[in-house]
Amino acid sequence: ETGVTQSPTHLIKTRGQQVTLRCSSQSGHNTVSWYQQALGQGPQFIFQYYREEENGRGNFPPRFSGLQFPNYSSELNVNALELDDSALYLCASSFRGNYGYTFGSGTRLTVV
Amino acid sequence: GESVGLHLPTLSVQEGDNSIINCAYSNSASDYFIWYKQESGKGPQFIIDIRSNMDKRQGQRVTVLLNKTVKHLSLQIAATQPGDSAVYFCAETPSSNQFYFGTGTSLTVIP
């Protein structure tokens, strides 16, 4: 059974650019959630995807968007990057209705 | 909005001693709570969970206590080992869509 894998592991972008982060969910899981973790803070919920549709969203602006694919993998897209977007972006997969989330190791995004 | 906080940002314990990490939450509607362990460079790892209809739950070397009256959660680690050094987060949810995490407690185990 494979866990949650995220790519890339590290990324440096310039302010104003766009970025796409990718996540492969754990085998058997059909729901993907994305979290942003600023340095020294706990993860904050961005949104969740189920059946290729957004299923809940945290307090993040529309420039944060996502996709879920038929194989349950997911992408997080961030447009018009700001310095404050620098953070560890975590993907977590689960089976719908089950609280058993499995987190990936994250993508460290640095915006300069 | 939700608010999940921790009483102590850092904790140092001697190897072999017991550790207690505390957490306060604010949403009375939360019905499920999880403790996560996060090591450097890794994502949060599930330790133990508890539902709001329980006061205590035990796992291997870990115990979670829930006091709904004062909205307080604690994680007890017995016979703390160097491998327990990490940041510990409590998280709560009133639904399965999202978890609200605290800011974390950094546990350092002194050999």
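Look up: the structure comes first, before these words.
The notes below deal with the structure included here.

So, how was this worked out
- Residues numbered from 1 in each chain as written.
- Chains lettered and ligands numbered in written order.
- Predicted model: local features only at pLDDT ≥ 70, side-chain atom pairs only at ≥ 80, totals over all residues.
- Heavy atoms only, no water.
- Helix = DSSP H or I, 4+ residues; strand = E, 2+ residues; numbered from the N terminus.
- Rg over C-alpha atoms; globule rule 2.2 N^0.38 Å.
- Salt bridge = Lys/Arg side-chain N within 4 Å of Asp/Glu carboxyl O.
- Buried < 20%, exposed > 50% of the residue type's maximum accessible area, 1.4 Å probe, protein only.
- Disulfide = S-S within 2.5 Å.

Secondary structure summary: chain A contains zero helices and eleven strands in total. Taken from N to C terminus, the helices and strands of chain A fall in the order β-β-β-β-β-β-β-β-β-β-β. Scaling as 2.2 N^0.38, a compact globule of 112 residues should have a C-alpha radius of gyration of about 13 Å, and chain A matches this with 13 Å. The principal-axis extents of the C-alpha atoms in chain A amount to approximately 40 × 25 × 25 Å.

Turning next to the pattern of salt bridges. Working definition: two side chains of opposite charge can pair if their charged atoms are close together. One pass over the full model with this rule turns up eight salt bridges over all chains. In this structure, the salt-bridge partner of E75(A) is R22(A), at a minimum N-O distance of 3.5 Å. Of this pair, E75(A) sits in strand β8 (residues 74-78) while R22(A) sits in strand β3 (residues 19-24), and the two are 53 residues apart along the sequence. The class for E75(A) is buried, based on a relative accessible area of 14%. Its relative accessible area of 43% is what places R22(A) among the partly exposed residues. In this structure, D55(B) engages K68(B) in a salt bridge whose closest nitrogen and oxygen atoms are separated by 3.3 Å. Taken together, the residues D55(B) in the loop between β5 (45-51) and β6 (56-58) and K68(B) in the loop between β7 (62-67) and β8 (72-77) connect sequence positions 13 residues apart. Residue classification places K68(B) among the partly exposed residues on the basis of a relative accessible area of 35%. Beyond isolated ion pairs, a larger network of salt bridges with shared partners links R63(A), E82(A) and D85(A).

Structurally, a disulfide amounts to a covalent bond that connects the sulfur atoms of two cysteines. All chains considered together, the criterion is met by two disulfides over all chains. Each disulfide pairs two cysteine sulfurs, and for C23(A) the partner residue is C91(A), the sulfurs being separated by 1.8 Å. A torsion of -60° about the S-S bond marks the disulfide between C23(A) and C91(A) as left-handed. In this pair, C23(A) sits in strand β3 while C91(A) sits in strand β9 (residues 87-94), placing the two residues 68 residues apart along the sequence. Between the sulfur atoms of C23(B) and its disulfide partner C90(B) the distance amounts to 1.8 Å.

Everything listed here is a matter of geometry and, on its own, says nothing about what the molecule does.
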